[in-house]
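Next come the chains, spelled out residue by residue.
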2 protein chains.
Amino acid sequence: MRQKRGGRAAGVTMEDVARVAGVSAMTVSRVLRQPTLVNADLKAKVEAAIRETGYIYNLVASSLASQRSGIIALILPTVASSIFTDSVKGVSDVARTHAVQMIMAETNYSPAEEEKVIEALLRRRPDGFVIVGVSHTRATRALLEKSGVPVVETWDSTPTPIDSLVGLSNFDAMKAMTEALVAQGFRRIAFVGTATRDRRAQMRAKGYEAGIAEAGLGAPLILNADDLTSMESGRVVAERVAALHPRPDALLCLNDVLAAGALLAFQRMGLAVPGDIAVAGFGGLDFSSHLNPSLSTVDIPRYEMGQKAAEMLIGRIAGTAAQGGTCEMGYRIVLRESTGSSRPAETQAS
Amino acid sequence: MRQKRGGRAAGVTMEDVARVAGVSAMTVSRVLRQPTLVNADLKAKVEAAIRETGYIYNLVASSLASQRSGIIALILPTVASSIFTDSVKGVSDVARTHAVQMIMAETNYSPAEEEKVIEALLRRRPDGFVIVGVSHTRATRALLEKSGVPVVETWDSTPTPIDSLVGLSNFDAMKAMTEALVAQGFRRIAFVGTATRDRRAQMRAKGYEAGIAEAGLGAPLILNADDLTSMESGRVVAERVAALHPRPDALLCLNDVLAAGALLAFQRMGLAVPGDIAVAGFGGLDFSSHLNPSLSTVDIPRYEMGQKAAEMLIGRIAGTAAQGGTCEMGYRIVLRESTGSSRPAETQAS
DNA sequence: GTGAAAGCGCTAACAG
DNA sequence: CTGTTAGCGCTTTCAC
């Protein structure tokens, strides 16, 4: 609509709309952002002009001028796993409600990668961050604090969040499941899926250990898996577990994906679940209730965590919420067929 | 680092870095974008100044000045389903390689919502779009064409893409699976999951119909499900199918999620799969090979489609690829235990 | 190789 | 309620 400095034709700008409507650019801006402040007649004229010209508001220019990008960044370990999709949806739904765009980046469970990713996203000047996890490099923490951007951490707990927290005690939750298995009568309970690098995995493993210790069941048995987010990995571990002497009478898994992989693998090798070995997972994923036998799991409010985190963040951005806000989410031990409960029992907790 | 018009302290700017390094802002900009054009000494000084000041490059300002946002937008039906996660990863991986940020938005399988979402994203001035699906409202198509932004459509096929295409023939793929079931000896094959609104679902249903017709098997039997992306839905449909007289001898599902839900539900009600009824899905999702019995499916290159689409888009943006580029992806019929093959047979196609 | 000037398209702040 | 002015922080263009 204009030719500038020999450049190619740019798009329609607010100025163009203003000219067509016979008003100033500021009035167009107001119609778009605070319509109630504008006289109805002018507003109508401007709206007509927008339609006529096919104007598309430029949020890049708006962001620069207003020092507000209308973007919130979501940092998570991986997008390719079903574990976080509900949390993503929770954040995304709240973001949409507030006319904010969510952008996502993954860290592959690596604090070093997280640092890079956050640094890269900071260049887009997001209005805030939702970060899965509370374990970061020193530099990440410093970077975030220096930037002054509101941050909500989630999916883990800590007394010292960077800014605000939507917490979940992985330790407590996995300990509770361990205790539930003990209460069901299992005595040789093995655990799959510790990873030195991931704090949430560690906390779950520790919760298991604590549960075993308190029950006086002797040494805990922790197995590792290379990849903690695939059913294939669960299958591989199941083969190792099946070969153990004595064989564990229950296998507690870091998450439902591993658990499902293990459960199906046990069946395939002719072991009865829960007759020969019980299986339990963590996460409360949809498919767990559909398996045969249905899978016992620790149900956690994945969607709600995302939702709550986004809401807190929006509050922090708007200035209506103070720094240091914390909200602890609960979990539910869901005992199903895979741990030998004939009828599903559900325990509310935390 | 500066106080302007009584505003709060803004962050460190390029100007600040330039001052510290004793050069002009332009030189700082060059160090960041075209380092080879800058004298090594100055470059070192600038880099030191960047470190010293903790400068974080501002991509918002950069985008406005350069008319390039470094953002590509991915439009897909839903993020909460495992069906698209691999494609998302494909796009995202390629984007990262090219230092481009991917942003995502979902349409909930609705062209009207798609229109809104694309309009909203256009305000961020993305450099390009990857869109899942080829069915759009007139307005969407016009908007995209007028904007002049490169677009790559994918996951479906059409002779008239908006711009470029990474195609998949849902019709051919589902027809091939239907033929494979016929070849396995099934005669009363039912289909689950047509949705009037979604073109890809329609094409798969039509592929099924064509397969049935060509085999001379009489009238096709198509069942609907409310929600086409949940196992629960598959379970509900399975109950209806089990009650049919005569009962179908095979159930072909729109996707693997429905198929898994149905398969597990059949087992739960005491029907043998494939003995009493065979089940097949579509999508080649990971879990399908882990089920007992393992699930027959149409494997499609989900990750590669995302990857290819992103690569084509980047080419279009860079100007190295011409409009109208098309690339057709293939599929693989994977026959496993759920359709009674004793040993897995795999057929390469298209 | 490096720098100065002139924007990119919008909004904050103020004046009326 | 509406308009004017002066940027937001960078890059383009052109001169040196």
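All of these numbers come straight from a predicted model, not from anything done at the bench.

(A) Main features of the protein's contact with DNA strand C. For DNA strand C, the set of nearby residues contains 30 residues, the closest of which are A:M14, A:S29, A:Y55, A:Y57 and B:T27. Within 4 Å of the protein, the atoms of DNA strand C are drawn from sugar and phosphate moieties in a proportion of 70%. Within the side chain of A:S29, a nitrogen or oxygen atom sits 2.4 Å from a phosphate oxygen of DNA strand C. Elements represented by at least two residues in the surface near DNA strand C include exactly α2 (25–33) and α4 (59–66) of chain A together with α2 (25–33) and α4 (59–66) of chain B. The residue makeup of the surface near DNA strand C, split by class, is 14 nonpolar, 9 polar and 7 charged.

(B) Seen up close, the packing of helix α1 (residues 14–21) of chain B against helix α3 (residues 40–53) of chain B. Residue and element names in this part refer to chain B. Two elements in contact, α1 and α3, have axes separated by 8 Å at closest approach and are oriented at 120°. Between α1 and α3, the angle falls in the class oblique. Between α1 and α3 lies a crossing whose hand is right-handed. Across the interface between the two elements, V17, V20 and A21 from α1 touch K45, V46, A49, I50, E52 and T53 from α3. For the contact of α1 with α3, a count of residues per class yields 6 nonpolar, 1 polar and 2 charged.

(C) Structural detail: the relation of the copies chain A and chain B. The transform that puts chain A on chain B rotates by 180° and translates by 0.0 Å along the axis, for an RMSD of 0.1 Å. This pairing of chains is accounted for by a two-fold axis. Taken together, the interface assignments show that 100% of the residues at the interface of chain A recur at the interface of chain B, consistent with an identical surface on both copies.

(D) Quick look at the sheet that holds strand β9 (residues 278–280) of chain B. All names here are of chain B. Read across the sheet, 4 strands follow the order β7-β6-β8-β9 without closing on themselves; strand pairing throughout is parallel. Only two strands of the sheet have a single neighbouring strand rather than two, namely β7 (221–223) and β9. Averaged over all neighbouring strand pairs, the angle between strand axes comes to 25°, with direction disregarded. Here strand β6 (residues 189–192) pairs with β7 via 3 bridges, running parallel. For F191, the partnering residue across the bridge sits in β7 and is I222. Packed onto the sheet, helix α8 (residues 170–183) meets β6, β8 (250–253) and β9 and runs at close to 165° relative to β8.

(E) Spatial organisation of the UniProt feature "domain: HTH lacI-type" (unreviewed entry) in chain A. Taking the UniProt record as the reference, the feature "domain: HTH lacI-type" (unreviewed entry) is found at residues 12–66 of chain A. Within the segment residues 12–66 of chain A, helix and strand shares are 71% and 0% respectively, and the terminal C-alpha atoms sit 20 Å apart.

(F) Highlighting the sheet that holds strand β7 (residues 221–223) of chain A. Residues and elements named next belong to chain A. An order of β7-β6-β8-β9 is seen for the 4 strands of this open sheet, with the pairing classed as parallel. Where the open sheet ends on each side, the last strands, each with one partner, are β7 and β9 (278–280). Averaged over all pairs of adjacent strands, the angle between their axes in this sheet comes to 25°, without regard to strand direction. Each of β6 (189–192), β7 and β8 (250–253) is contacted by helix α9 (residues 199–214), which is oriented at about 170° to β6, the strand it contacts most.

(G) Summary view of the pairing of strand β2 (residues 101–106) of chain B. Residue and element names in this part refer to chain B. Most of β2 is tucked away, with 6 of its 6 residues classed as buried. Residues Q101, I103 and A105 line one face of β2 and the alternating positions M102, M104 and E106 line the opposite face, and both faces are buried. In the classification by handedness, the crossover that spans strand β1 (residues 71–76), the intervening helix α5 (residues 82–97) and the parallel β2 is right-handed.

(H) Local environment of the pairing of β1(B). Residues and elements named next belong to chain B. Most of β1 sits out of view: 6 of its 6 residues are buried. The alternating pattern of β1 places I71, A73 and I75 on one face and I72, L74 and L76 on the opposite face, and all of these are buried. Examined bridge by bridge, β1 and β2 share 6 bridges and lie parallel to one another. By the bridge assignment, I71 is partnered in β2 with Q101. In this structure, β1 lies alongside strand β3 (residues 128–132), joined through 4 bridges in parallel fashion. Bridging from a neighbouring strand, A73 pairs with F129 of β3.

(I) Layout of the environment of B:D93. Secondary-structure assignment places B:D93 in helix α5. Sequence separation between B:D93 and B:G283 is 190 residues, and the spatial gap between their C-alpha atoms is 21 Å. Residues contacting B:D93, with those up to four places away along its chain left out, are A:E106 and B:Y303.

(J) Quick peek at the packing of aromatic side chains. Residue and element names in this part refer to chain A. Taken as a whole and assessed by the stated rule, the structure comprises 4 aromatic pairs over all chains. Between F191 and Y208, the aromatic rings sit 5.1 Å apart at their centres with planes inclined by 20°, giving stacked as the arrangement. Taken together, the residues F191 in strand β6 and Y208 in helix α9 connect sequence positions 17 residues apart. In terms of burial, F191 and Y208 fall into one category: buried.

(K) Just the environment of A:A180, in detail. Residue and element names in this part refer to chain A. Structurally, A180 is set in helix α8 (residues 170–183). Classification of A180 by relative accessible area gives buried; the value is 12%. C-alpha separation for the pair A180 and I333, spaced 153 residues apart in sequence, amounts to 7.8 Å. In contact with A180, not counting residues within four places along its chain, are I333 and L335.

(L) How the structure looks around helix α10 (residues 231–242) of chain B. All names here are of chain B. Given a rise of 1.5 Å per residue, 12 residues ought to cover 16 Å, and the 16 Å separating the end C-alpha atoms of α10 matches this to within 8%. Those residues of α10 that fall on the buried side of the exposure criterion are M231, S233, G234, V237, A238 and V241. Across the axial projection of α10, the buried residues extend over an arc of 145°, all falling on one side. Buried residues belonging to α10 abut β6, β7, β8 and α11 (256–268).

Rules used throughout
- Residue numbers run consecutively from 1 along every chain, following the written order of its sequence.
- Lettering for chains starts from A, numbering for ligands starts from 1, and both go in the order in which the items are written.
- This being a predicted model, a pLDDT of at least 70 is required before a residue's local features are given, and a value of 80 or more before pairs of side-chain atoms are given or counted; all residues contribute to the totals for chains, interfaces and linings.
- Computation of side-chain values covers all heavy atoms of the structure but excludes hydrogens and water.
- Any residue with a heavy atom positioned within 4 Å of a molecule or strand is treated as near that molecule or strand.
- Two N or O atoms count as a polar contact when they lie within 3.5 Å, although within protein this holds only if one can serve as hydrogen donor and the other as acceptor, and sequence-adjacent residues are included solely when both atoms are side-chain atoms.
- Numbered from the N terminus, helices here are DSSP runs of H or I no shorter than four residues, and strands are runs of E no shorter than two.
- Under the scheme applied, nonpolar residues are Ala, Val, Leu, Ile, Met, Phe, Trp, Tyr, Cys and Pro; charged residues are Asp, Glu, Lys and Arg; polar residues are all the others, including Gly.
- Note on geometry: axes are lines fitted to C-alpha atoms, helical ones only across the stretch in contact, with angles between N-to-C directions running from 0 to 180 degrees.
- Under this scheme an angle from 65 to 115 degrees is roughly perpendicular, one under 35 degrees roughly parallel, and one over 145 degrees roughly antiparallel; angles in between are oblique.
- By definition, any crossing whose near helix is turned counterclockwise from its far helix by less than a right angle is left-handed, and any crossing with a clockwise turn is right-handed.
- Contacts were defined at the residue level, with two residues in contact if any of their heavy atoms lie within 4.5 Å.
- Superposing copies: least-squares fit, C-alpha atoms only, residues required to have pLDDT of at least 70 in both.
- Two strands are said to pair when DSSP picks up at least two bridges between them.
- UniProt positions are given in the numbering used here, feature names are shortened, and annotations may be inferred rather than shown by experiment.
- Three labels apply to residues, based on accessible area from a 1.4 Å probe with only protein chains included: buried if under 20% of the type maximum, exposed if over 50%, partly exposed otherwise in between.
- Call a crossover right-handed when, viewed with both strands pointing away from you, the route from the first strand across the helix to the second goes clockwise.
- Ring geometry is summarised as follows: Phe, Tyr and Trp rings, the Trp one being its six-membered ring, pair when their centres sit within 6.5 Å, and such pairs are stacked at plane angles under 30 degrees, edge-to-face over 60 and tilted between the two.
- Residue count minus one, scaled by 1.5 Å, sets the expected span of a helix.
- Each C-beta atom gives one direction from the helix axis, and the arc is the one those directions make.

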